[in-house]
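Fold and contact review
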Amino acid sequence: MNIRKDYSLLAHNTFGIDARCKTFIEYASVEEACQAVAMLNGKDEPLLIIGGGSNLLLTKDYDGTVIHSAIKGHEVVSETDNEVLLRVGSGEVWDDVVAMCVSRGWHGAENLSLIPGEVGASAVQNIGAYGAEAADLIVKVEAVGMDDGREYAFGMEDCRYGYRQSRFKQDWKNRYLMTYVTYRLKKSFEPKLDYGNIRAELERRGIAQPTAQQLREVIIAIREEKLPDPKVEGNAGSFFMNPIVAREKYEQLLAQYPQMPHYHVDDECEKIPAGWLIEQCGWKGKTLGKAGVHSRQALVLVNRGGASGQEVVTLCNTIRQDVKQRFDIDIEPEVNII
């Protein structure tokens, strides 16, 4: 077990904020996770459980204990002619797992390529992109309870997954240390191509029927074109969730903005891209203090260099106010602000 005092979290958040924590604990096995829980007491609070820090904005030093999983490895739990159940350590890098699955002919995760973060966070955040989400694949989540140090296993239905949501983000927040996530992957490839500009990029490359590897490459290319490299310009990817609005509100806006992009949810609701709303308010490429909005994707807030977490929050709140004033829509941060 790795235990550090007065520890810098600079390497543990992709926004590039150099905040420190009082104590940092990293566990590399289920046994160490249980030991970590057993050693904690009131003096260690407050507690913050993190993954790769790709969905985290630190606004100040953390006067408590930060816990991180370093559990690695994967194993095939079961396999049939049609599918594979793959159990993966919570500390594995998510995109490494996607790359491995594609290379082995295990399908379903291609559209989630290049999403930053770790496996444990995929189950907490219900990560998603281009018409797919982690909940489509998850069959079991294993964890250690923070209250009792016991090992738990949750089925997908127990986690109550929704759009970028789970019980681990809501009523179970900071109650479990993730250890393993099991995914169901198919051996038959059924590409999802109708989200974003996937088809347009495939057509540009002269690909009519993509392989899984070709689809992964296209997804990566699209993401790299839209999203800045955190090593160059600190960011947490998509900062805001796309708002889901009632059909009446959607039709009202569509009459006013006929070119407005949207995604069908059900007969009563439509999803409107938050990036489009922000761009309409004139924020794309703009800067406020040392924080700014990415020049190619208005959904992404960036650290222009030396920005504090509070500067990013100020930018976030200003954008939210502008969107509310113009469209009467509330956009909510997807990023966990600490």
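Since we're looking at a predicted model, the values are computed, not measured. (Residues numbered from 1 in each chain as written. Predicted model: local features only at pLDDT ≥ 70, side-chain atom pairs only at ≥ 80, totals over all residues. Heavy atoms only, no water.)

This part covers the pattern of salt bridges. What the rule picks out here adds up to 21 salt bridges. Taking the shortest distance from any N to any O, the salt bridge between Glu 79 and Lys 187 comes out at 2.7 Å. Of the two residues, Glu 79 is situated in strand S6 (residues 74-79) and Lys 187 in the loop between strand S12 (176-186) and helix H4 (198-204); the sequence distance between them amounts to 108 residues. Judged by its relative accessible area of 48%, Glu 79 is partly exposed. Overall, the relative accessible area of 30% leaves Lys 187 in the partly exposed class. The closest approach of N and O atoms between Glu 201 and Arg 204, which form a salt bridge, is 2.8 Å. One end of the pair, Glu 201, and the other, Arg 204, are both in helix H4, 3 residues apart, so they sit about a helical turn from each other. (Salt bridge = Lys/Arg side-chain N within 4 Å of Asp/Glu carboxyl O. Helix = DSSP H or I, 4+ residues; strand = E, 2+ residues; numbered from the N terminus. Buried < 20%, exposed > 50% of the residue type's maximum accessible area, 1.4 Å probe, protein only.)

We now examine the side chain of Glu 233. Tracing the backbone shows Glu 233 in the loop between helix H5 (212-226) and strand S13 (234-238). At 3.1 Å, the side chain of Glu 233 forms a polar contact with the side chain of Arg 304. Beyond its immediate chain neighbours, meaning those up to four positions away, Glu 233 contacts Pro 228, His 294, Val 302, Asn 303 and Arg 304. (Polar contact = N/O pair within 3.5 Å; in protein donor to acceptor, adjacent residues only side chain to side chain. Contact = heavy atoms within 4.5 Å.)

So, about the pairing of strand S10 (residues 138-145). In terms of residue burial, S10 counts as a mostly covered element, since 6 of its 8 residues are buried. Note: S10 against S12, 7 bridges, orientation antiparallel. Counterpart to Glu 142 in the pairing with S12 is Tyr 180. Between S10 and strand S11 (residues 151-155), which pair antiparallel one after the other, the connecting turn spans 5 residues, and Gly 149 there sits at a positive phi close to 70°. (Pairing = 2+ DSSP bridges.)

Let's shift gears to the sheet that holds strand S3 (residues 47-50). A sheet is described by the order of its strands in space; here 4 strands give the open sequence S1-S2-S5-S3, paired in mixed fashion. In this open sheet, the two edge strands, each paired with only one partner strand, are strand S1 (2-8) and S3. When strand polarity is set aside, the average angle formed by the axes of neighbouring strands in this sheet is 25°. Where S1 and strand S2 (residues 20-27) come together, 6 bridges link them in antiparallel fashion. Pairing of Tyr 7 across the sheet is with Cys 21, part of S2. (Axes fitted to C-alpha atoms, helices over the stretch in contact; angles between N-to-C directions.)

So, on to unusual backbone geometry. Trans peptide bonds make up most of the peptide bonds, and negative phi angles are found at most residues other than glycine. Residue Pro 46 follows Glu 45 across a cis peptide bond; omega there is 0°. Take Pro 46: it is sitting in the loop between helix H1 (30-39) and S3. If you check the backbone angles, Leu 114 has positive phi at about 65° while not being a glycine. Here Leu 114 is to be found in the loop between helix H2 (94-103) and helix H3 (119-125). Within the chain, Asn 126 stands out as a residue other than glycine whose phi angle is a positive 50°. By the element assignment, Asn 126 lies in the loop between H3 and strand S8 (128-129). What makes Asn 126 buried here is its relative accessible area of 0%.

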